[in-house]
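Close look at the chain arrangement
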Amino acid sequence: MSEIFVLGFCFCFYVSVNTWHAYRIIQINERLQKPMTFKITWKDGLVITPWERPIGPTHGPSDPSSPSGSPVKDALDLAQDVPHSPLDQFAIKSFLDMRVGYLYISFTNPAFFMLLTLGLVFLLFHLVTKKGGGKSVPNAWQSLVELIYDFVPNLVNEQIGGLSGNVKQKFFPCISVTFTFSLFCNLQGMIPYSFTVTSHFLITLGLSFSIFIGITLVGFQRNGLHFLSFSLPAGVPLPLAPFLVLLELIPHSFRALSSGIRLFANMMAGHSSVKILSGSAWTMLCMNDLFYFIGDLGLLSLVLALTGLELGVAILQAYVFTILICIYLNDAINLH
Amino acid sequence: MTRMEKFEMLEGAKSMGAGAATIASAGAAVGIGNVFSSLIHSVARNPSLAKQLFGYAILGFALTEAIALFALMMAFLILFVF
């Protein structure tokens with residue numbers, strides 16, 4: 001059963017990411033056909049258009065014959081392979097171009113890294129459970145897989161109340177797959193030069209929104225039309241009811257957005273700040289000065305500490321995402 | 001006003017906007033401090049619950065920190081996207 005969930009998730013993400021990509025491509029094509037006439041000439045002759053301007057200190061095409069300027073400029077010239085924007089790491093590139101009319105089904109790098117993540121999970125789980133299950137005394141890998149697997153049923157049993165164990169176990173595969181997927185996507189994004197799938201709002205929104213729809217369906221299935229009473233607490237005077245329904249409905253609907261935004265914002269902000277700090281450290285290293293070199297050690301250790309923090313945040317956010325699903329599911333099943 | 005000056009004013013306004021967006025960190029700082037001070041109070045009163053309370057505190061910390069990250073995200077968006 002869980003394989004079907006995984007395949008469904010994979011397909012949904014693939015299609016949604018590529019639709020977004022198609023939208024961007026269409027936008028860019030429209031721009032290319034109608035080039036904007038609004039251009040700005042920068043100080044040293046660099047012509048920039050509003051959508052591609054140098055970010056940060058400009059060190060455009062400076063001719064090598066001129067006497068070297070400030071040490072900052074020299075260092076920036078030396079460290080030129082650093083991308084100019086910390087958001088460059090989130091760029092979506094297509095590996096295999098495939099298009100059917102306006103529908104883009106290209107194989108892009110988010111799709112590739114999602115498949116890589118799923119392959120990693122499958123390989124890990126397969127190697128541990130091959131030949132009909134693990135050993136009774138687990139080795140390190142089997143302990144890891146058992147830890148991940150054991151983690152979710154505990155959450156489900158603790159957070160969702162008012163149901164028998166058998167019924168609760170129906171929800172377990174979906175929640176378990178969501179946890180494993182977001183955990184491994186977050187962790188795999190911490191590998192240098194790889195791509196963080198969960199740092200794209202579309203992907204996390206797809207996850208949280210589809211789960212929100214599913215939870216609403218479960219609520220209606222369990223409680224019938226009584227589910228609508230979530231928007232009105234019991235014992236409210238009738239004149240207040242219209243306002244209260246509105247006031248309860250907004251936060252309830254915002255749940256669909258907020259868990260997606262939370263995961264995305266954590267991943268994107270963390271990766272951007274690591275990028276900014278390490279770019280700063282790299283530029284400082286290229287300044288060719290003993291004082292800067294010594295000072296750089298502090299910055300590098302800061303980058304190291306931030307990477308450790310990001311590892312913690314990656315695990316924590318997968319946990320928070322999962323526990324929030326359980327809490328919302330509990331709210332839908334047990335009405336107040 | 002030339003277009004160059006307009007562009008420079010836009011850059012300055014972006015810096016100001018990004019700086020203003022970081023004021024939100026103050027609220028998140030208060031929130032995170034509150035979470036952990038409550039944790040210490042609770043553990044001091046009932047040390048046997050320390051493990052369970054730490055889980056709750058980490059959850060509260062993550063939820064509070066996300067608000068700070070919304071502000072950071074806005075700062076990044078103002079600086080690098082527009």
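Residues numbered from 1 in each chain as written. Chains lettered and ligands numbered in written order. Predicted model: local features only at pLDDT ≥ 70, side-chain atom pairs only at ≥ 80, totals over all residues.

Let us now look at the overall build of chain A. For chain A, the count of helices and strands is eight helices and six strands. The proportion of buried residues among the 336 residues of chain A is 22%. Across chain A, every contact between residues at least 6 apart in sequence was considered, and the portion connecting residues at least 24 apart equals 66%. (Helix = DSSP H or I, 4+ residues; strand = E, 2+ residues; numbered from the N terminus. Buried ≥ 20, exposed ≤ 12 C-beta atoms within 10 Å, placed from the backbone. Contact = placed C-beta atoms within 7 Å.)

When the UniProt feature table is mapped onto this chain, "domain: V-ATPase proteolipid subunit C-like" (unreviewed entry) is found at residues 16–78 of chain B. Its end C-alpha atoms 10 Å apart, residues 16–78 of chain B is made of 90% helix and 0% strand. (UniProt positions renumbered as here; feature names shortened; annotations may be inferred.)

Our focus in this paragraph is the UniProt feature "transmembrane region" (unreviewed entry) in chain B. Here, UniProt's "transmembrane region" (unreviewed entry) annotation points to residues 53–81 of chain B. End-to-end, the C-alpha atoms of residues 53–81 of chain B are 40 Å apart, and along that stretch the chain is 100% helix and 0% strand.

Turning to the interface of chain B and chain A, a few remarks are in order. Between chain B and chain A, the contact holds 14 residues from the first and 15 residues from the second. The element that contributes the greatest number of residues to the side of chain B that touches chain A is helix α3 (residues 50–81) of chain B, accounting for eleven residues. Classifying every residue of the side of chain B that touches chain A gives 13 nonpolar, no polar and one charged. (Nonpolar A, V, L, I, M, F, W, Y, C, P; charged D, E, K, R; others polar.)

Residues and elements named next belong to chain A. Mapped onto the present numbering, the UniProt feature "transmembrane region" (unreviewed entry) falls at residues 102–125, 201–220, 227–247, 259–278, 290–309 and 315–333. The span residues 102–125 is 71% helical and 17% strand by assignment, and the distance between its end C-alpha atoms comes to 38 Å. Secondary structure within residues 290–309 divides into 100% helix and 0% strand; the distance between the first and last C-alpha atoms comes to 29 Å.

Taking 1.5 Å per residue, 19 residues should reach 27 Å; helix α1 (residues 3–21) of chain B reaches 27 Å between its end C-alpha atoms and fits that length. By the criterion of burial, α1(B) is predominantly exposed, with just zero of the 19 residues buried. (Expected span 1.5 Å × (residues − 1).)

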